[in-house]
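Secondary and tertiary structure notes
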Amino acid sequence: MQASAQNSLSPLPYLYQPPAQALSGQAFGPVFKLLAWAILMALLAWIWRLGFDWQSTHGAWVAVAWAMLAFIVWHIQRSRITLDAQAIEQSWMWRRRITLQELAFIKVMRIRGLEFLVAPRIYARNLGGTFTFFYCHDRALLDEFTRLADALHRHQGLD
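Scope of this entry: the structure provided in the associated data block. Worth saying up front: this structure is predicted, and the values here are computed from it rather than measured. (Residues numbered from 1 in each chain as written. Predicted model: local features only at pLDDT ≥ 70, side-chain atom pairs only at ≥ 80, totals over all residues. Heavy atoms only, no water.)

1. Considerations on helix α2 (residues 30-50)
With 21 residues, α2 extends 30 Å from end C-alpha to end C-alpha; this agrees with the ideal 30 Å at 1.5 Å per step. On its buried side, α2 packs onto β1 (23-26) and α3 (57-78). Looking at the residues trailing α2, positive phi occurs at G51, about 70°. (Helix = DSSP H or I, 4+ residues; strand = E, 2+ residues; numbered from the N terminus. Expected span 1.5 Å × (residues − 1). Contact = heavy atoms within 4.5 Å.)

2. Description of the nonpolar core
Within the largest apolar cluster, 22 residues are counted, with the highest numbers of intra-cluster contacts made by I88, L100, L103, I106, F145 and L148. Sorting the residues of this core by element identifies β2 (80-83), β5 (103-109), β6 (121-126) and α4 (139-156) as the ones contributing at least two each. The biggest single contributor to this core is α4, with 7 residues. Excluding its chain neighbours within four sequence positions, the residues that come into contact with I106 are I88, I122, Y123, A124, F145, L148, A149, L152 and H153. Listed in part, the 10 residues of the second largest apolar core include A27, A70, V73 and W92. (Core = buried A, V, L, I, M, F, W, Y, C linked by side-chain atoms within 4.5 Å. Buried < 20%, exposed > 50% of the residue type's maximum accessible area, 1.4 Å probe, protein only.)

This is the structure in structure tokens:
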């Protein structure tokens with residue numbers, strides 16, 4: 001009887017109550033973003049000083065490589081992570097998404113003391129065995145992901 005009451009509270013196969021409203025935050029912190037932009041601009045200055053003939057094949061390849069890096073830095077700047085009642089999702093060059101229903105494993109990985117520079121990662125695996133990494137700089141979201149991981153571990157008897 002108690003198990004059916006718990007299942008009515010949460011449609012998930014494990015005891016985790018998702019947040020009532022979606023939580024959303026930055027995937028990367030301001031120091032990491034600033035460092036990414038600084039590296040991109042320093043690389044541009046260095047490339048410019050090399051004096052490439054931009055009409056040549058070499059110049060075109062260098063421009064394409066720099067544009068690809070700029071595309072990545074732009075997405076680092078804009079990337080956000082969201083946890084709602086249905087899924088974990090991160091905007092990136094492509095959308096990363098895993099539903100809470102198919103979540104088989106989740107772990108919060110961080111380097112204590114360097115979180116301002118190295119964004120903590122959320123390592124998740126679905127029931128099909130596909131691994132997905134999410135980045136999260138937001139403290140409230142990290143706490144919620146830790147709570148989610150604890151609930152899933154308890155359900156699987158890992159704790």
